[in-house]
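Chains, contacts and geometry: an overview
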Amino acid sequence: MLIILGDAGINFSGGIRDRRKKEFLESLPITVFAIHGNREQRPQTIEGYQEKEWRGGVVYLEEEYPSLLFAKDGEVFELDGKQAIVMGGAYSIDKMVRLMYGDGWWPDEQPSDEIKKYVESQLDKLGWKVDVVLSHTTPLKYEPVEVFMAGVDQSRVDKSTEEWLDGIEDRLDYGKWYCGHYHTEKKVDRVEIMFENFDVFCGVWCEEKR
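First, a word on scope: everything that follows refers to the structure included in this document. Just so it is clear, the model here is predicted, and its values are computed rather than measured.

Looking now at the pattern of salt bridges. Throughout the structure, instances matching the rule amount to 12 salt bridges. A salt bridge links K176 to D199, with the nearest nitrogen and oxygen atoms 3.9 Å apart. Note that K176 is positioned in strand 9 (residues 173–179) and D199 in strand 12 (residues 198–201), a separation of 23 residues in sequence. By relative accessible area, which is 23% here, D199 ends up partly exposed. Residues joined in a network through salt bridges with shared partners are K141, D166, E169 and D170.

What follows deals with the environment of Q50. Within the secondary structure layout, Q50 lies in strand 3 (residues 49–54). The partly exposed category is assigned to Q50, whose relative accessible area is 40%. The sequence separation of Q50 and E63 amounts to 13 residues, and the corresponding C-alpha distance is 8.0 Å.

Right, let's get into the pairing of strand 7 (residues 82–87). Pairing geometry for strand 6 (residues 76–79) and strand 7, over 4 bridges, is antiparallel. Paired with F77 across the two strands is A84, which belongs to strand 7. The hairpin formed by strand 6 and strand 7 contains 2 residues between the paired strands, and D80 there has a positive phi angle of roughly 55°.

Once that is clear, we can look at the packing of helix 3 (residues 113–125) against helix 4 (residues 160–171). Between two packed helices, both the angle of their axes relative to each other and the distance between the axes serve to describe the pair. Axis separation between helix 3 and helix 4 bottoms out at 12 Å; the angle between their running directions is 10°. Relative to helix 4, the element helix 3 lies roughly parallel. Residues K116, V119, E120, L123 and D124 of helix 3 form the contact with helix 4, whose own contacting residues are S160, W164, I168 and R171.

A full pass over the atoms with the stated rule returns 7 aromatic pairs. Between F12 and W106 the ring centres are 6.1 Å apart and the planes differ by 70°, which places this aromatic pair in the edge-to-face class. Of this pair, F12 sits in the loop between strand 1 (2–4) and helix 1 (15–27) while W106 is found in the loop between helix 2 (95–100) and helix 3, placing the two residues 94 residues apart along the sequence. The same class applies to F12 and to W106, which are both buried.

This part is about a nonpolar patch on the surface. A cluster of nonpolar residues, V97, M100 and Y101, forms a patch on the protein surface that exposes about 380 Å² of accessible area. Assignment of secondary structure puts Y101 in the loop between helix 2 and helix 3.

If you trace the 6 strands from one edge of the open sheet to the other, you get 6-7-8-9-11-10, paired in mixed fashion. The two strands at the open ends of the sheet, each matched to only one other strand, are strand 6 and strand 10 (186–188). Each neighbouring strand pair of the sheet contributes to a mean axis angle of 20°, computed without reference to strand direction. For strand 8 (residues 129–135) and strand 9, the ladder comprises 5 bridges, and the chain directions are parallel. Each bridged residue has a counterpart across the sheet, and for V132 the counterpart in strand 9 is K176. Sitting on the sheet, helix 3 is in contact with strand 6 and strand 7, with an inclination near 165° to strand 7. Most of the contacts of helix 4 go to strand 9, to which it runs at about 145°, and overall it touches strand 7 and strand 9.

Conventions adopted
- Residues numbered from 1 in each chain as written.
- Predicted model: local features only at pLDDT ≥ 70, side-chain atom pairs only at ≥ 80, totals over all residues.
- Heavy atoms only, no water.
- Salt bridge = Lys/Arg side-chain N within 4 Å of Asp/Glu carboxyl O.
- Helix = DSSP H or I, 4+ residues; strand = E, 2+ residues; numbered from the N terminus.
- Buried < 20%, exposed > 50% of the residue type's maximum accessible area, 1.4 Å probe, protein only.
- Pairing = 2+ DSSP bridges.
- Axes fitted to C-alpha atoms, helices over the stretch in contact; angles between N-to-C directions.
- Parallel < 35°, antiparallel > 145°, perpendicular 65-115°, else oblique.
- Contact = heavy atoms within 4.5 Å.
- Phe/Tyr/Trp six-rings, centres within 6.5 Å; stacked < 30°, edge-to-face > 60°.
- Patch = residues over 30% accessible without salt bridge, like charges linked within 9 Å, V, L, I, M, F, W, Y side chains within 5 Å.
- Areas by Shrake-Rupley, 256 points an atom, 1.4 Å probe, with all protein chains shown as cover.

So this is what it looks like as structure tokens:
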């Protein structure tokens, strides 16, 4: 199993480009388990996706690509005896450029208030204790500011998701937190930001692919 921490490279371009990528991934002898990033359309808004219960949680998949699974935000999955909760989404600093060139951008890229409430209700059920967190972006306190893009006015960047995750992280008793989004590789305490590297987590691979 390959866990992708958002921006899987599919459900972004649409049409034949997406189909070719999905066909290639489906041909591999693995299951792809993807978290929602900020550079892909939410699968529940795409015709042809259906919900399925998988390892204790809910995923979205297409019938012709049964090995390509997108996790529903807030769901808790049993992965090799460990409980892992999923929290996807982030803000796109390249939103205007993508719109200018006709690339994909979706206004629901960040978790809504409804999604946040669902995540918190799931954590209530767990007593705010979980083995692993799988998110796209990081809690605010762990932002890798040293790799921020020059020329981007950070005061104009919507960091509401990172701020919300900060509150989650402060309160949560967890073993490991994996995230991506920032195109860098960094470990701080129990939080690991991933990019082109991978880690073996409970017998499955955890990676952010571009």
